[in-house]
Amino acid sequence: MSLTQILLDPAFLASMLAALAVGATVMTLAGPLVAPDKLKSRMKSVSTEREQLRLRERARLNEKEKQAHLRSAPKANVQRFVDKFNLRKHLEDGELKDRLRMAGMRGEAPLYMFLFMRIALPPIVFLVAVFYFFVLGVYGELPAMLRLAISAGISLLGFFGPSIFLTNQIKKRQMEIQRVFPDALDLMLICVESGMSIEQAMRKVSEEVGQRSVAVAEEFALATAELSYLQDRRVAYENLAKRTGLSGVKAVTTALIQAERYGTPLAHALRVMAQENRDIRMAEAEKKAAALPPKLTVPMIVFFLPVLFVVILGPAAIKVMAIQ
C-alpha cells in the first residue's frame, strides 16, 4: 500500500482530524495554566515603578524639609527663653500652628518667634510710651499717674500685635490664593484630560503657576509630595484644605476625595469646581466694589467738599471784598 493511498484513506484522515481536535482542546485548556501570567507581571512592574516614584518624592521632600529646617531653625536665645518660661504651654492654643501654616509660616522657628514676641513686645512698647510721655514731655500737663496708665494701656498693643500681624498675613495670602486658584484648576483640568494622573497634574501646575503666585505653587507642591508618601490620600487632600483655610479649596478637595472613593469622573469635578471658584472670586470682587462708596463718603466730606466750596464761593467772596 503506497503512501498516497495511506494519506487518502478515510480512516486515516478521520483519526488525524480527531488527533488534531484532541490536541487543540488540550492546548486550549492547558494553555492558561502553562503560559506566564502577563497581567501579574505588568502589575508587579507598575507597583515597582510606583514605589520608585514614591521613594524619589520622599527623598526630595526630606531634602526640602532639611533645607527648610536649616533656614527656619529657631534661634538659640529665643528657643531658650520660650522653653525656660514654658510659653508653649501657656500661650499656644490648638489653632496657632494651623494659623501659622495658613500664613505660610512652617516649622518651629515661626512658632517660637511668635510666642517670644507676644512677651517681648509689651515691655518694649511700654518703655517707648514712657520715654514719649516723661522724657520728651509730651502731654506734660497731664498727671503722672494718668500718663503712666496710658503707657500701660498702650503696652497691651504689644501683646495683641503679633496676632493682628498674623491675621493680616493670613488674609493677604488667602486673597492671593483665591485670585489664582481658579486658573490653576483650569490648568489641572487640561493636564487630567490629557491623561496625567492627579500627582503629575499638581506637579505641573506647581511649576507653571509659580510665576503668578508662589503660595499656590507651594501648596500644590506640598500636596503632591504628601500624595506620594502618605498611606491615606484623603489626608493629603484634607491637609491642603486646612493649610489654605478657604471654602473653595475645601470644596475642591472634597470633590477629589469623592472622585477617588466612588470613581466619579475627575475631569467633570475639576470643571465644576473651577467654575465655582471663579464665581467665588467674582463675588468677592463685587463685594469690594459695593463697599467702596461707603468708604469714600468720609474722605469726600473731609477733603473734597471744602475744596469745592472754596472753588465755588471763592470768586464771589473776592468780588464782595473788592466792592467793600
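In case you missed it, the structure is sitting above this.
All of the points below concern the structure found in this document. Computed from a predicted model, the values in this text were never measured in an experiment.

This brings us to the overall build of the protein chain. Each helix and strand counted, the protein chain has 13 helices and zero strands in total. Secondary structure elements in the protein chain, listed N-terminal to C-terminal, are α-α-α-α-α-α-α-α-α-α-α-α-α. Taking the contacts inside the protein chain whose residues are at least 6 apart along the sequence as the reference set, 65% of them involve residues at least 24 apart. If you sum the accessible surface of the protein chain, you get close to 21,800 Å²; carbon and sulfur atoms cover 67% of it.

Moving on, we get to the side chain of Q174. Within the secondary structure, Q174 is located in helix α8 (residues 144–193). Classification of Q174 as buried rests on a relative accessible area of 16%. There is a polar contact of 3.1 Å between the side chain of Q174 and the backbone oxygen of T244. Excluding anything up to four places from it in sequence, Q174 contacts M102, T244, G245 and L246.

On to the nonpolar core. L185, M188, M202 and F220 are the most contacted members of the largest nonpolar core, which totals 34 residues. Those elements that provide at least two residues to this core are α8, α9 (198–208), α10 (214–229), α11 (233–244), α12 (247–262) and α13 (266–323). Element by element, the count of residues in this core is highest for α8, at nine residues. Those residues in contact with M188, other than ones at most four positions away along the chain, are I198, A201, M202, V205, F220 and L270.

This part covers α11. With twelve residues, α11 should cover 16 Å at 1.5 Å per step; its first-to-last C-alpha distance of 18 Å lies within 8% of that length. All of the buried residues in α11 are R233, A236, Y237, L240, A241, R243 and T244. One side of α11 holds all its buried residues, which, seen down the axis, span an arc of 165°. The N-cap of α11, judged by a side-chain oxygen 3.2 Å from the amide nitrogen of R234 a few residues on, is D232. G245 lies just past α11 and shows a positive phi near 70°.

Attention shifts here to the pattern of salt bridges. Tallying each qualifying case throughout the model produces 17 salt bridges. In this structure, the salt-bridge partner of R106 is E218, at a minimum N-O distance of 2.7 Å. Taken together, the positions of R106 in the loop between α6 (96–102) and α7 (108–135) and E218 in helix α10 put the pair 112 residues apart, joining distant regions of the chain. The exposure class of R106 is partly exposed, given its relative accessible area of 23%. Linked through salt bridges whose partners overlap, the residues forming this network are R106, R173, E218, E219, E226 and R243.

Moving on, we come to the packing of aromatic side chains. Working definition: an aromatic ring pair is given by the centre-to-centre distance plus the angle between the planes. Within this structure, the stated rule accounts for five aromatic pairs. Both rings, one in F133 and one in Y139, keep their centres 6.4 Å apart while their planes meet at 50°; by these two values the pair is tilted. For the ring pair F159 and F160, a centre distance of 5.2 Å and an interplane angle of 90° mean the geometry is edge-to-face. Ring pairing ties together the aromatic residues Y132, F133 and Y139, which thus form one cluster. Against the face of F159 rests R118, its NZ or CZ located 4.1 Å from the ring centre.

Reading the values: the criteria
- Residues numbered from 1 in each chain as written.
- Predicted model: local features only at pLDDT ≥ 70, side-chain atom pairs only at ≥ 80, totals over all residues.
- Heavy atoms only, no water.
- Helix = DSSP H or I, 4+ residues; strand = E, 2+ residues; numbered from the N terminus.
- Contact = heavy atoms within 4.5 Å.
- Areas by Shrake-Rupley, 256 points an atom, 1.4 Å probe, with all protein chains shown as cover.
- Buried < 20%, exposed > 50% of the residue type's maximum accessible area, 1.4 Å probe, protein only.
- Polar contact = N/O pair within 3.5 Å; in protein donor to acceptor, adjacent residues only side chain to side chain.
- Core = buried A, V, L, I, M, F, W, Y, C linked by side-chain atoms within 4.5 Å.
- Expected span 1.5 Å × (residues − 1).
- Arc of directions from axis to C-beta.
- Salt bridge = Lys/Arg side-chain N within 4 Å of Asp/Glu carboxyl O.
- Phe/Tyr/Trp six-rings, centres within 6.5 Å; stacked < 30°, edge-to-face > 60°.
- Lys NZ or Arg CZ within 6 Å of the ring centre and 35° of its normal.

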